[in-house]
Amino acid sequence: MKYFKFLFEIEKKPRKGLLTVEWVVMGYLLLTLLMILFCYTKMQNPESMIWGRFHIVMMTLALWLVYRLIPCRFTHLCRILAQMFLLGWWYPDTYQLNQAFPNLDHVFAGYEQQLFGCQPALLFSQAISNPVFSELMHMGYGSYYPLIVLVTLFYFFFRNNDFDRAAFIIIGAFFTYYIPFVLLPVTGPQYYYLAAGVDNIAKGVFPDIGHYFATHDEGLPIPGYAQGFFYQFVASMHEAGECPTAAFPSSHVGITSILLMLVWHSKNRRLFLSIIPFFLLMCFATVYIQAHYVIDVLGGFLSAIIIYFGLSQLWKLRIFNK
């Protein structure tokens, strides 16, 4: 009864307009719509991309109407969770957009070679092929979405006064990462190594493949113990929604870092300490499974600090839903 009242008690002062996170989505939607119109002739399916955005606007307005009819925490939560679930739709959308630009993996692989004298993503899984280690890596990588859900629901149920801020930072961070994913077409080792030829990569040769990924989306098999539970989990996630895009900076490392900072802000020491192992595993796992270069991981961590504090300041200055 206590939780029922918490979820469905009618709010005394319901919000009249869109939530701040919804304004963020509308802003990104408008920005990318302009990109589509500007690069219309270079897009493969511009009409479906435009219609997809129209559907998102209609869904957002429909959920706003439901909330206005039943203004409670549950309908508020539904509005925010809907935008979070749609992040999975926006991710492959970056692939459709960045096909208008030439691939830059040869530049990033070259930087990696200069820094380390080798390609860590090529050698890591070969150097440590133990099934237990492989499962740890894939468990760390697979913890990405569960951690997002965990921190979101933690704030909703236990830090509700700060829930909108946390949701704004999480969703705002995703869209902040999506912009360089569009403008910097870097696919990561899994796709580039196959396109460039693994033999070339091993020799330190990184050919410029131009617009190769406009017509190809094949990648190398995921390294690791193929019979493992977590390996199969990660493989199924890749089959469901992975595509050659979004390598720099690593949003997996960046978002996980931001989740860690959000939990630190909540002052829940137990939850903070419980997430740290998954954060560390994530940093190594992204390179182990060849999703990212090491410089992507470093970029993800450093960008997370800037994004977190930048969005925190924007939240204080927000003009909607004060």
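Above this text you will find the structure in question.
Residues numbered from 1 in each chain as written. Predicted model: local features only at pLDDT ≥ 70, side-chain atom pairs only at ≥ 80, totals over all residues. Heavy atoms only, no water.

## As for the overall build of the protein
Here is step 1 of the chain: For the protein, the count of helices and strands is 16 helices and 0 strands.
Here is step 2 of the chain: For the C-alpha atoms alone, the extent of the protein along its principal axes is close to 65 × 50 × 35 Å.
Here is step 3 of the chain: Counting across all 322 residues of the protein, residues that qualify as buried make up 51%. (Helix = DSSP H or I, 4+ residues; strand = E, 2+ residues; numbered from the N terminus. Buried < 20%, exposed > 50% of the residue type's maximum accessible area, 1.4 Å probe, protein only.)

## Some details on a nonpolar patch on the surface
Here is step 1 of the chain: On the surface, a cluster of nonpolar side chains totalling about 490 Å² of accessible area is made up of Tyr-3, Val-149, Leu-153, Phe-157 and Phe-158.
Here is step 2 of the chain: If you tally residues by element for the nonpolar patch, the top one is helix α9 (residues 144-158), at 4 residues.
Here is step 3 of the chain: Positionally, Val-149 belongs in helix α9.
Here is step 4 of the chain: Overall, Val-149 belongs to the partly exposed group, its relative accessible area being 46%. (Patch = residues over 30% accessible without salt bridge, like charges linked within 9 Å, V, L, I, M, F, W, Y side chains within 5 Å. Areas by Shrake-Rupley, 256 points an atom, 1.4 Å probe, with all protein chains shown as cover. Salt bridge = Lys/Arg side-chain N within 4 Å of Asp/Glu carboxyl O.)

## Overview of the side chain of Ser-303
Here is step 1 of the chain: Note that Ser-303 resides in helix α16 (residues 294-317).
Here is step 2 of the chain: In this structure the side chain of Ser-303 is engaged in a polar contact, spanning 3.0 Å, whose partner is the backbone oxygen of Gly-300.
Here is step 3 of the chain: Discounting residues that sit within four places of it in the chain, Ser-303 has contacts with Tyr-177 and Pro-249. (Polar contact = N/O pair within 3.5 Å; in protein donor to acceptor, adjacent residues only side chain to side chain. Contact = heavy atoms within 4.5 Å.)

## Quick notes on empty space enclosed by the protein
Here is step 1 of the chain: One pass over the structure, following the stated rule, counts 2 cavities of 30 Å³ or more.
Here is step 2 of the chain: In this structure, the largest cavity encloses a volume near 80 Å³.
Here is step 3 of the chain: Lining of the largest cavity is provided by Asn-98, Gln-99, Phe-101, Asn-103, Pro-185, Thr-187, Gly-210, His-211, Tyr-212, Phe-213, Ala-214 and Pro-244.
Here is step 4 of the chain: Residues belonging to the lining of the largest cavity are distributed by class as follows: 6 nonpolar, 6 polar and no charged. (1 Å grid on protein atoms, 1.4 Å probe; cavity = no way out; pocket = protein on both sides within 12 Å on 5 of 7 lines; lining within 4 Å. Points joined across faces, edges and corners; volume = space filled by probe spheres on them. Nonpolar A, V, L, I, M, F, W, Y, C, P; charged D, E, K, R; others polar.)

## Remarks on the nonpolar core
Here is step 1 of the chain: Of all hydrophobic cores here, the largest spans 99 residues; its most connected members are Trp-90, Tyr-178, Tyr-192, Ile-258 and Leu-262.
Here is step 2 of the chain: The element that contributes the greatest number of residues to this core is helix α10 (residues 163-183), accounting for 14 residues.
Here is step 3 of the chain: When sequence neighbours within four positions are dropped, the list of residues in contact with Trp-90 reads Val-25, Tyr-28, Leu-29, Thr-32, Arg-53, Ile-56, Phe-175 and Tyr-178. (Core = buried A, V, L, I, M, F, W, Y, C linked by side-chain atoms within 4.5 Å.)

## Focus on the layout of surface pockets
Here is step 1 of the chain: Here the largest pocket is characterised by a volume of approximately 680 Å³.
Here is step 2 of the chain: Residue lining of the largest pocket: 33 residues in total, with Gly-88, Tyr-91, Tyr-144, Tyr-145 and His-252 positioned closest to the centre.
Here is step 3 of the chain: The dominant element in the lining of the largest pocket, judged by the number of residues it contributes, is α9, at 6 residues.

## Some thoughts on the packing of aromatic side chains
Here is step 1 of the chain: Per the stated rule, a full pass over the model turns up 32 aromatic pairs.
Here is step 2 of the chain: Here Tyr-28 and Phe-175 contribute two aromatic rings whose centre-to-centre distance is 4.6 Å and whose plane-to-plane angle is 35°, an arrangement assigned as tilted. Here Tyr-28, found in helix α2 (residues 20-38), pairs with Phe-175, found in helix α10; they are 147 residues apart in sequence, far enough to count as distant.
Here is step 3 of the chain: We classify Phe-175 as buried; its relative accessible area is 3%.
Here is step 4 of the chain: For the ring pair Trp-90 and Phe-175, a centre distance of 5.8 Å and an interplane angle of 80° mean the geometry is edge-to-face. With Trp-90 in helix α5 (residues 87-98) and Phe-175 in helix α10, this residue pair connects regions lying 85 residues apart in the sequence. (Phe/Tyr/Trp six-rings, centres within 6.5 Å; stacked < 30°, edge-to-face > 60°.)

## With respect to the packing of α9 against helix α14 (residues 251-266)
Here is step 1 of the chain: Where α9 meets α14, the closest approach of the two axes is 10 Å, and the angle between their N-to-C directions is 25°. Taken as axis vectors, α9 and α14 run roughly parallel relative to one another. Both α9 and α14 take part in a crossing whose hand is left-handed. Across the interface between the two elements, Tyr-144, Leu-147, Ile-148, Val-151, Phe-154 and Tyr-155 of α9 pack against Ser-251, His-252, Ile-255, Thr-256, Leu-259, Leu-262, Val-263, His-265 and Ser-266 of α14.
Here is step 2 of the chain: Its residues assigned to classes, the contact of α9 with α14 shows 10 nonpolar, 5 polar and no charged. (Axes fitted to C-alpha atoms, helices over the stretch in contact; angles between N-to-C directions. Parallel < 35°, antiparallel > 145°, perpendicular 65-115°, else oblique. Left-handed = near helix turned anticlockwise from the far one by under 90°.)

## Structural notes on the packing of α14 against helix α15 (residues 269-288)
Here is step 1 of the chain: Between α14 and α15, the shortest axis-to-axis distance is 10 Å and the interhelical angle comes to 170°. Of the possible angle classes, the one that applies to α14 and α15 is roughly antiparallel. In this structure, α14 contributes His-252, Val-253, Thr-256, Ser-257, Leu-260, Val-263 and Trp-264 to the contact, and α15 contributes Leu-271, Phe-272, Ile-275, Ile-276, Phe-279, Met-282, Cys-283 and Thr-286.
Here is step 2 of the chain: A breakdown of the residues in the contact of α14 with α15 according to their chemical character gives 11 nonpolar, 4 polar and no charged.

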